[in-house]
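Observations on the model geometry
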Amino acid sequence: MLKNPRDGLTDKPLEKIAELKQLGHPLAYVGDVVGTGSSRKSATNSVLWHMGQDIPYIPNKRNGGYCFGGKIAPIFFNTMEDAGALPIEMDVSQMNMGDVIDVYPYEGRVTRHDSDEVIASFELSTNVLKDEVRADGRIPLIIGRGLTDRARQALGLSDSDLFEKPQAAEDSGKGYTLAQKMVGKACGLDGVRPGMYCEPKMTTVGSQDTTGPMTRDELKDLACLGFSADLVMQSFCHTAPYPKPVDVVTHHTLPDFMQNRGGISLRPGDGVIHSWMNRMLLPDTVGTGGDSHTRFPIGISFPAGSGLVAFAAATGVMPLDMPESVLVRFKGDMQQGITLRDLVNAIPYAAIQRGLLTVEKQGKKNVFSGRVLEIEGLPQLKVEQAFELSDASAERSASGCTVKLDKEPIIEYLNSNITMFKWMINEGYGDVRTITRRIDEMQKWLDNPELLEADADAEYAEIIEIDLNQITEPLLACPNDPDDIKPLSAVAGDKIDEVFIGSCMTNIGHFRAAGKLLEKLEEPVVTRLWIAPPTKMDEAQLTAEGYYNIFGRSGARTEMPGCSLCMGNQARVAENSTVVSTSTRNFPNRLGKGANVYLASAELAAVASILGKIPTMDEYLQYANDINTMADDVYRYLNFNEMENYTAAADSAFPVKVA
Ligand code: SF4
């Protein structure tokens, strides 16, 4: 259940759980930090399975359970809610393995068993949580409440007073943030206040292959025969390169299941869920996905567990307690050699310097946890670049992320994506009606391109300003915590064994940049270098431009487009190796057993692969300056509407006739 030993829970966790159960009390799962951004239904399932209770007459499913944490990652928290468990954020420093405690959910306190000694106080995140526990989960509650309302309306009765009503959020009378406006628009309102319960319309929903089978089961439980969400997409990026027999079955059966309900199904080998789904988004709309990195670069998403993803896909809405927002505002000019990945790392770095974030797990502070991270000050980024920023909001444990962009990059992106969609139809992808509908919606936006903007007097839980003039060296996340950010000079010289350039954090520009540096080598690199482009379109273009030849000559191991090493339980780096990776997270043992992993830009990773160590600033700049002189050629993005092989295919497929 846990990849790493915990205090009092080492090599035989199941025996320990059995031993604790002998005490005769329900077990609670307690941690300083529970989940970090991720922890989907599979994690919740483990807690339910070992600490929950049977559901009468329903075999192989359990519900209930208790989870207490100093910080509980939003997706973990929500999935516990969906399962009828009781998750509570509180100070758990007085709780140790094997303690017996009394929890008073109505009074908001925890005492030592049979004593008055209060060891923690808390407030439930919402009063509706009590109903969710009573109803055995948030989804049964929403369905039961909706049916009750409709039945009472039909009978001419007043609203039921049986249910806890969400507390009305305080209206400060101030303006709205961008996220609050986007969610408001999805609810037919000008904006929603933090704390307000709402059910925004889900315009785009994503499902990936490790959670897809669970989502399929949940869809069956909901008797869903057709999706109400406008676009649902299924990917196969996590399991395609090294599938187990069970994955192969999923590859064969899940596409039809999704397409029969109106979803779009990708194919094994196509690439990473987000690099595809981002290209299917509409500006200023709301969505979700069963992958914690579902972090739209345009619009906003609130990633969720497979139960809620199924609910959103089936019903077209999703329950949401609107979180507060933290604004990160960049100002100044990017300095020489600094990349967007350094700005990703600059966000936790700035928060640490202001005392708003701590690296230490015990008593961890994290200003972003459970809040929406809203980013301003880089409006001309390409949408592919904006995703680097929004993607990493998962590592901050933020519930969602917005990036304020100008219209121009979005117009460019949508024009490219319309061609991609038409090419997909020509390539035999379905569901054609869904693809066609989305093309129409994209065109409608392009005909009148308007974007929402935050009000000048919008309120934020915190505002963090980052002066780009002050970031003069690359910033790396150090082993093994994405929050542990240090400047290059603090870690230069550390020996590097392996380098990974890939994951949803990368785009084609990163591979060209690496290729330009590798091209000059006369010998293969001294490290083990892994290259995995995010999509098959990137792979094809890099091949056409000769980069695969360079990668081959430099001794790189090229992987099928997809998650590759980032996924963590397929191909792995060598035990106890030291690695520079462009992937999203460097939690202990994720890339390889005992591996020490630095997270850095593709540019810095490429230099490390050549030198076999983390470069000094001078060494790095020599290479960075080289790339700089070729920047226009290197940092070009996939504009399908300007690529003949895609436009020709698109023209022959469109307009389509749908029976
Ligand atoms: S590349 Fe990594 S972070 Fe991105 S979707 Fe795949 S496993 Fe998740």
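Keep in mind the model is a prediction, meaning the values are calculated, not measured.

The terminal C-alpha atoms of helix 8 (residues 245–260) lie 24 Å apart, and with 16 residues this matches the ideal 22 Å at 1.5 Å per residue to within 8%. Along helix 8, the largest kink reaches about 35° and is centred on Thr253; proline Pro255 follows within four residues of it. Where helix 8 is concerned, the buried positions are Thr250, Leu254, Pro255 and Met258. Contact partners of the buried residues in helix 8: helix 7 (212–221), strand 11 (231–234) and strand 12 (264–265). Directly beyond the C-terminal end of helix 8, a positive phi value near 100° is found at Gly262.

Our next topic: the sheet that holds strand 16 (residues 325–331). In spatial order, the strands read 18-17-16-19; together these four strands make up an open sheet with parallel pairing. Two strands close off the open sheet at either side, each with one partner strand: strand 18 (400–403) and strand 19 (462–467). Between one strand axis and the next, the sheet turns through 15° on average, direction left out of account. Pairing analysis gives four bridges linking strand 17 (residues 372–376) to strand 18, with the strands arranged parallel. For Ile375, the partnering residue across the bridge sits in strand 18 and is Val403. On the sheet, helix 6 (residues 178–186) packs against strand 16, strand 17 and strand 18 and is oriented at approximately 105° with respect to strand 18.

Along the polypeptide, Gly191 turns up in the loop between helix 6 and strand 9 (197–198). Counting along the chain gives 278 residues from Gly191 to Asn469, while the straight-line C-alpha distance between them is 34 Å.

Each pair of packed helices can be described by the angle between their axes along with the distance between the axes. Between helix 13 (residues 407–426) and helix 22 (residues 644–653), the least distance of the axes is 7 Å, while the angle of their chain directions is 65°. Classed by the angle they form, the pair helix 13 and helix 22 counts as roughly perpendicular. Between helix 13 and helix 22 lies a crossing of left-handed hand. Contacts between helix 13 and helix 22 involve Thr419, Met420, Lys422, Trp423, Ile425 and Asn426 on the former and, on the latter, Tyr646, Thr647, Ala649, Ala650, Ser652 and Ala653.

Here four bridges tie strand 6 (residues 101–104) to strand 7 (residues 109–112), and the two strands are oriented antiparallel to one another. Pairing of Tyr104 across the sheet is with Arg109, part of strand 7. From the end of strand 6 to the start of strand 7, which pair antiparallel, there are four residues, and Gly108 there has a positive phi angle of about 70°. The pairing of strand 7 with strand 8 (residues 118–121) spans three bridges and is antiparallel.

Note on placement: Thr578 falls in strand 25 (residues 578–581). Along the backbone, Thr578 and Met97 are 481 residues apart, and their C-alpha atoms lie at a distance of 33 Å. Apart from residues no more than four positions distant in its own chain, Thr578 is found in contact with Asp494, Lys495, Ile496, Asp497 and Asn596.

Scoring rules and cut-offs
Residues numbered from 1 in each chain as written. Predicted model: local features only at pLDDT ≥ 70, side-chain atom pairs only at ≥ 80, totals over all residues. Helix = DSSP H or I, 4+ residues; strand = E, 2+ residues; numbered from the N terminus. Expected span 1.5 Å × (residues − 1). Bend = angle between axes of the 7 residues up to and from the residue. Buried ≥ 20, exposed ≤ 12 C-beta atoms within 10 Å, placed from the backbone. Contact = placed C-beta atoms within 7 Å. Pairing = 2+ DSSP bridges. Axes fitted to C-alpha atoms, helices over the stretch in contact; angles between N-to-C directions. Parallel < 35°, antiparallel > 145°, perpendicular 65-115°, else oblique. Left-handed = near helix turned anticlockwise from the far one by under 90°.

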